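# Coordinates in review
The residues making up each chain are set out below.
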Amino acid sequence: REAIKGLMAKSEITAEEVDYCLMGTVIQEVLTSNIAREASMGAGLPTKMVAHTSTQACISANTCTATGMGLIQTDHCDVVMAGGVEVMSDLPIRFSRPIRKRLLKLGKAKTTQAKLNLLSGLTMADLTPQAPGVAEFSTGEIMGYSADKLAASFGISRVDQDTFAARSHQAAQDATDAGHYKGELIPVMGSKGKMVTVDNGIRPTSVEKLGALKPAFIKPHGTVTAASSSFLTDGASASLITSEEYAKSRGIKYRSLLKDFCFAGCDPKQQLLLGPAHSTAALLKRNNLKMTDIDIIEFHEAFAGQVLSNIAALNSDAWCKENVGMDKVGEMKVDIMNTRGGSLSLGHPFGATGTRLIKTATERLKFEDKKLALVTACAAGGQGVAMLIERVPNY
């Protein structure tokens with residue numbers, strides 16, 4: 001709601017012009033099955049506007065953006081709002097199944113004795129609450145464990161990962177100090193009664209200090225640590241999408257062009273986090289582009305080792321021939337990637353990250369005076385997305 005309010009407050013587009021609202025979320029709020037509808041109405045958008053909530057793990061906001069593009073291209077809408085939200089500080093934790101079954105029967109128990117009888121057969125284990133699952137449903141494997149295995153398979157060292165993580169935090173701090181995020185962040189009231197005005201997970205430190213941390217998943221010899229894993233945080237994002245023709249007809253200053261996108265699926269057991277390599281290869285081929293044509297990269301940092309493994313995969317003849325049916329795509333240069341930080345330093349509110357990536361790519365294109373940006377991310381279930389963003393010359 002606050003992200004939507006903040007967006008509309010600075011937009012040239014009025015609330016009455018927004019035809020559709022799409023919001024991504026992963027861990028569903030139990031009080032509503034459609035947070036997009038409730039948040040948009042709560043932010044003051046008209047009730048005639050249609051809204052629905054989408055989920056595709058970490059690329060949910062990208063899915064909303066792509067769906068919005070489709071609604072516009074097929075002339076169903078002129079203006080679409082796309083974004084997402086995640087509240088990791090207040091997760092819906094449910095009762096065990098035996099408890100849930102008895103609670104459903106409670107309304108039919110008419111007497112005190114009948115209600116007490118429902119307690120029969122319960123064990124102490126039944127009283128243990130159930131938090132949302134962190135393991136892959138299809139494989140039972142925790143994503144961090146998969147990241148550790150992936151890094152090992154591509155020869156990504158512990159030092160490589162710590163160096164990438166340290167770079168992310170320093171870049172985020174530098175970008176914050178330079179005021180790059182000032183116009184993007186909407187101040188909100190925090191849980192301690194204080195206004196939160198900047199990202200509060202940025203922790204610049206040395207590679208040496210990161211090297212002292214213990215492995216977080218495969219112990220004691222794994223290479224993925226808490227510092228080289230994205231941390232979970234609350235967050236929301238919102239953006240407005242319209243056609244170039246509509247923007248010009250209204251005299252609206254638009255910021256970037258969403259040129260194309262590709263989603264990809266891969267084996268969640270062996271390639272859980274390689275979705276970006278699959279989707280990026282497909283996107284570049286579809287648009288007859290080479291990696292050298294890309295000026296800016298915004299890559300979701302689920303894990304440092306995951307990013308570096310995808311880079312290695314795309315620069316490998318063997319991997320590309322076997323998995324995407326082409327010669328190596330080319331090297332993703334780290335020096336043009338996530339120069340304002342990423343999910344390792346800014347956090348990863350699942351449903352919202354995709355819009356942040358697109359927004360940062362858009363602003364970097366302007367600031368760095370470049371033409372093309374690649375946005376890419378992995379997602380649970382062995383999926384990935386790649387999006388091509390083009391700078392608008394007059395922005």
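Preceding this paragraph is the structure being described.
The paragraphs below set out a description of the structure included in this document.

Scoring rules and cut-offs
Residues numbered from 1 in each chain as written. Predicted model: local features only at pLDDT ≥ 70, side-chain atom pairs only at ≥ 80, totals over all residues. Heavy atoms only, no water. Helix = DSSP H or I, 4+ residues; strand = E, 2+ residues; numbered from the N terminus. Rg over C-alpha atoms; globule rule 2.2 N^0.38 Å. Buried < 20%, exposed > 50% of the residue type's maximum accessible area, 1.4 Å probe, protein only. Contact = heavy atoms within 4.5 Å. Areas by Shrake-Rupley, 256 points an atom, 1.4 Å probe, with all protein chains shown as cover. Lys, Arg positive; Asp, Glu negative; His and termini not counted. Charge placed at Lys NZ, Arg CZ, Asp CG, Glu CD. Pairing = 2+ DSSP bridges. Axes fitted to C-alpha atoms, helices over the stretch in contact; angles between N-to-C directions.

### Some remarks on the overall build of the protein
- Within the protein one finds 14 helices and ten strands.
- By the compact-globule yardstick of 21 Å for 395 residues, the protein fits well, its C-alpha radius of gyration being 22 Å.
- Each of the 395 residues in the protein was classed as buried or not, and the buried ones make up 48%.
- In the protein, once contacts between residues fewer than 6 apart in sequence are set aside, the share between residues at least 24 apart is 76%.
- Of the roughly 19300 Å² that the protein leaves accessible, carbon and sulfur atoms contribute 55%.
- Averaging the positions of the 44 positive and the 40 negative side-chain charges in the protein gives two centres separated by 7 Å.

### Let's talk about the sheet that holds strand β8 (residues 296-299)
- Strands sit in the order β7-β10-β9-β8 across an open sheet of four strands; the sheet is mixed. Because the sheet does not close on itself, it has two edges, and the strands there are β7 (256-265) and β8. Geometrically, the sheet is characterised by an average inter-axis angle of 15° between neighbouring strands, direction not taken into account.
- Of the strand pairs in this sheet, β8 and strand β9 (residues 372-379) are connected by four bridges, and their pairing is parallel. Among the inter-strand pairings, isoleucine 297 is bridged to a residue of β9, identified as leucine 374.

### Here we look at the sheet that holds strand β2 (residues 50-54)
- Strand order in the open sheet made by the four strands is β2-β1-β3-β6, with mixed pairing throughout. Of all the strands in the sheet, the pair left with one neighbour each is β2 and β6 (235-242). When strand polarity is set aside, the average angle formed by the axes of neighbouring strands in this sheet is 15°.
- Helix α1 (residues 2-9) contacts β1 (20-24), β3 (79-86) and β6 of the sheet and is inclined by roughly 40° relative to β6.

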